[in-house]
Amino acid sequence: MKRARWGKIRVWLTISLLGVAGVLIVLNVALARAGLSTRKALVKELEQRFHADVELRGLQLRILPRPKASGEGVSIRRPEDGAAPFLAIRKLTAASGIFHLLHFPPHVQHVQLEGLEIHIPPRRQKDKAEQKQPQKRAQTLRFVMDEVIADGTMLQTTPKDPGKEPLTWDIRKLTLYDAGVDRPMTFHATLHNPKPPGDIRTTGSFGPWAADDPGDTPVSGDYSFENADLSVFKGIAGILSSHGKYGGTLDHIDVHGKADVPQFALKSGGHALPLRTEFHSIVDGTNGDTELQPVNAMLADTPIVARGAVQGTPGVKGKEVILDAVIDNGKLEDVLRLAVDGEPPLTGIVSVKTKIDIPQGQDEVVDKLRLDGSFSVRSARFTSFNIEQKITSLSRRARGEPKKKGPGSVLSNFHGRFRLRDGLMKFSTLSFTVPGARLDLIGSFGLRKQSIDFEGTIRMEAKISQTMTGFKALLLKPIDPFFRKNGETVIPIKIGGTRDHPSFGLRF
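Some words on the overall build of the chain
Move 1: In terms of helices and strands, the chain carries 8 helices and 28 strands.
Move 2: Per-residue burial over the chain gives 40% buried out of 508 residues.
Move 3: Sequence-distant contacts, at least 24 apart, represent 50% of the contacts inside the chain between residues at least 6 apart.
Move 4: Total accessible area computed for the chain in this model is approximately 29000 Å², and 59% of it derives from carbon and sulfur atoms.

Observations regarding the pairing of strand E5 (residues 110–114)
Move 1: Of the two faces of E5, the one lined by Val111 and Leu113 is fully buried and the one lined by His110, Gln112 and Glu114 carries no buried residue.
Move 2: Looking at chain direction, strand E3 (residues 87–95) and E5 are connected through 5 bridges and run antiparallel. Among the inter-strand pairings, Ala95 is bridged to a residue of E5, identified as His110.
Move 3: The pairing of E5 with strand E7 (residues 144–149) spans 2 bridges and is classified as parallel. Within E7, the position partnered with Val111 by the bridge is Val148.

Let's talk about unusual backbone geometry
Move 1: A cis amide bond links Gly207 to the next residue, Pro208, at an omega of 5°.
Move 2: With respect to the secondary-structure elements, Pro208 resides in the loop between strand E11 (198–206) and strand E12 (218–229).
Move 3: Here the amide bond leading from Gln293 into Pro294 is cis, since omega sits at -10°, within 30 degrees of zero.
Move 4: For Pro294, the position within the fold is in strand E17 (residues 290–299).
Move 5: Although it is not a glycine, Asn227 sits at a positive phi angle of roughly 55°.

Observations concerning the nonpolar core
Move 1: Membership of the largest hydrophobic core comes to 95 residues, with the highest contact counts inside it found for Leu113, Phe375, Phe414 and Phe427.
Move 2: Ignoring sequence-local partners within four residues, the contact set of Phe375 consists of Ser351, Val352, Phe414, His415, Gly416, Phe418, Phe427 and Leu430.

What about helix H7 (residues 385–398)?
Move 1: Spanning 14 residues, H7 covers 20 Å between terminal C-alpha atoms, matching the ideal 20 Å at 1.5 Å per step.
Move 2: Among the residues of H7, those classed as buried are Glu388, Ile391, Thr392, Ser395, Arg396 and Ala398.
Move 3: Buried residues in H7 make contact with strand E21 (370–382), strand E22 (412–421), strand E23 (424–434), strand E24 (437–446) and strand E25 (452–460).
Move 4: Of the residues flanking the end of H7, it is Gly400, one or two places downstream, whose phi is positive at about 80°.

What to know about the packing of aromatic side chains
Move 1: Tallied over the entire structure, the rule returns 5 aromatic pairs.
Move 2: Centre to centre, the rings of Phe375 and Phe418 are 6.2 Å apart; their planes meet at 45°, and the pair counts as tilted. Of this pair, Phe375 sits in strand E21 while Phe418 sits in strand E22; the two residues are 43 residues apart in sequence, bridging distant segments of the chain. Per residue, the accessibility class of Phe375 equals that of Phe418, and both read buried.

Describing the side chain of Lys368
Move 1: Residue position: Lys368 is located in helix H6 (residues 365–368).
Move 2: Within polar-contact distance, the side chain of Lys368 engages the backbone oxygen of Pro359 at 3.4 Å.

Considering a nonpolar patch on the surface
Move 1: A cluster of nonpolar side chains, contributed by Phe471, Leu474 and Leu475, occupies part of the molecular surface with about 360 Å² of accessible area.
Move 2: On the basis of relative accessibility, which here comes to 59%, the residue Phe471 falls in the exposed class.

A short note on the pairing of E24
Move 1: For E24, the tally of buried residues reaches 7 of 10 residues, placing the bulk of the element in the interior.
Move 2: Sheet topology places E23 next to E24; 9 bridges connect them, and they run antiparallel. Paired with Leu430 across the bridge in E24 is Leu441.
Move 3: Hairpin connection from E23 to E24: 2 residues lie between these consecutive antiparallel strands, with Gly436 at a positive phi of about 95°.
Move 4: Hairpin connection of E24 to E25: 5 residues between the antiparallel strands, including Gln450 at a positive phi of 55°.

Some thoughts on the pattern of salt bridges
Move 1: This model, assessed by the stated rule, comprises 11 salt bridges.
Move 2: Among the ionic pairs, Arg370 bridges to Asp357, the shortest N-O distance being 4.0 Å. Taken as a pair, Arg370 in strand E21 and Asp357 in strand E20 (residues 346–358) lie far apart in primary sequence, 13 residues in all.
Move 3: Overall, Asp357 belongs to the buried group, its relative accessible area being 17%.

With respect to the confidence of the model for the chain
Move 1: Per-chain confidence: the chain averages 79 in pLDDT, with 81% of residues scoring 70 or above.
Move 2: At the level of individual helices and strands, the chain shows its lowest average pLDDT in helix H1 (residues 2–33), which scores 44, and its highest in strand E14 (residues 239–249), which scores 92.
Move 3: For residues 6–36, every residue scores under 50 in pLDDT, and the model assigns this stretch 13 contacts once sequence neighbours within four places are set aside.
Move 4: Note on residues 128–132: pLDDT under 50 across the span, and 4 contacts to partners over four residues away in sequence or across chains.

Procedures and definitions
- Residues numbered from 1 in each chain as written.
- Predicted model: local features only at pLDDT ≥ 70, side-chain atom pairs only at ≥ 80, totals over all residues.
- Heavy atoms only, no water.
- Helix = DSSP H or I, 4+ residues; strand = E, 2+ residues; numbered from the N terminus.
- Buried < 20%, exposed > 50% of the residue type's maximum accessible area, 1.4 Å probe, protein only.
- Contact = heavy atoms within 4.5 Å.
- Areas by Shrake-Rupley, 256 points an atom, 1.4 Å probe, with all protein chains shown as cover.
- Pairing = 2+ DSSP bridges.
- Core = buried A, V, L, I, M, F, W, Y, C linked by side-chain atoms within 4.5 Å.
- Expected span 1.5 Å × (residues − 1).
- Phe/Tyr/Trp six-rings, centres within 6.5 Å; stacked < 30°, edge-to-face > 60°.
- Polar contact = N/O pair within 3.5 Å; in protein donor to acceptor, adjacent residues only side chain to side chain.
- Patch = residues over 30% accessible without salt bridge, like charges linked within 9 Å, V, L, I, M, F, W, Y side chains within 5 Å.
- Salt bridge = Lys/Arg side-chain N within 4 Å of Asp/Glu carboxyl O.
- pLDDT = per-residue confidence, 0-100.

Written out as structure tokens, the structure reads:
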């Protein structure tokens with residue numbers, strides 16, 4: 001009796017399994033044959049969501065051994081964006097479990113995208129009527145993608161200024177989680193930065209997608225940028241590392257970060273020094289223009305604060321750097337070590353205010369750098385013993401104490417206004433003071449050849465004859481009145497030669 005009952009159960013179980021298998025086979029065949037109608041439905045859904053023309057050249061569906069869909073030739077093109085598709089996919093593959101598809105909304109477990117290209121159009125200017133109208137909530141795709149892998153993605157953003165170049169990002173690795181155009185999605189990405197070369201690794205959140213204006217799409221996350229070689233920029237060298245956080249929308253990304261260059265150097269000469277920065281910037285992700293507000297830097301032990309922008313110029317390749325920089329109570333020797341071979345000739349406390357302009361172009365930084373500002377140096381000392389002794393002797397003679405002997409040194413002070421163009425530093429005013437004397441000069445200094453060309457006056461408290469002793473003092477007494485003005489001795493001078501071999505003379 002039991003055997004007969006068990007035999008009937010096996011028969012019904014077999015029939016049931018065959019029936020389920022038959023249904024699955026029929027469904028699989030039906031889905032394969034229904035590809036055309038399914039493709040039309042999917043195209044219609046995408047067109048409604050993106051307000052765009054959608055093309056999907058092929059779509060294949062199957063249900064065994066697990067639900068899977070594959071397609072090719074996907075493009076989404078909006079009429080107002082011109083001929084280039086806003087989004088293009090060479091090939092896509094999607095797979096999921098049956099029970100995941102029964103969720104609400106349905107979940108697709110895994111999606112693989114090959115040859116993904118995204119072209120973000122410029123921000124569209126809205127008239128006042130459009131700005132007042134409430135935004136209509138677009139229909140949304142009725143499924144969620146648990147994981148999307150899109151390695152090798154190309155992301156290109158087009159600035160609203162037609163004269164500026166599009167900004168292109170090569171995204172080597174990209175994984176999205178909980179993806180859907182109507183919701184924020186998390187991501188892990190590795191982007192290649194072309195200049196300076198290196199990989200930017202970032203994790204964050206993106207979306208929901210703003211179909212009417214992609215520049216309004218929210219984005220936030222953390223980033224790290226390691227081992228970027230600055231030597232690709234002519235004139236400088238060093239390995240940069242940076243990390244920080246960002247947030248905002250695609251065309252207004254607020255970035256807070258830090259950057260370190262342990263061995264920053266100028267290729268024209270000088271020493272490598274540590275450069276550490278903390279910065280706050282606003283980045284336009286559609287064209288790469290960046291507003292710096294501010295950058296707080298430390299060059300060795302010297303603080304530098306800079307504000308300004310890194311921006312493109314219509315019709316010109318590359319970016320121009322325009323900054324207002326301030327050094328307040330820094331170390332003069334740090335600045336000189338960066339620019340001068342060997343030991344710095346001076347030490348002291350330096351303050352600088354200058355405008356910095358580094359235009360586009362292939363020239364080295366030292367040749368295209370433009371400066372316009374003022375400086376002061378307090379409590380300066382010359383590091384060369386011979387020069388320091390000469391300065392001390394000058395001070396003693398200028399005070400009428402030429403006989404005074406013995407060790408000693410004096411502190412010097414400098415201040416002036418300068419303008420740098422094409423590697424030539426011009427000084428509209430340059431003053432150098434020591435106790436008893438002041439030099440007022442105008443002239444120029446060539447950065448490449450270290451050439452000097454100055455003229456001006458030296459003013460002293462003492463008379464010319466009081467700067468000498470013995471018979472020389474007696475010989476000079478008759479000419480004292482010719483150089484005496486307003487209680488000072490004023491002598492016209494000129495300085496030429498080079499930094500290492502200067503020449504001094506009287507100017508008549």
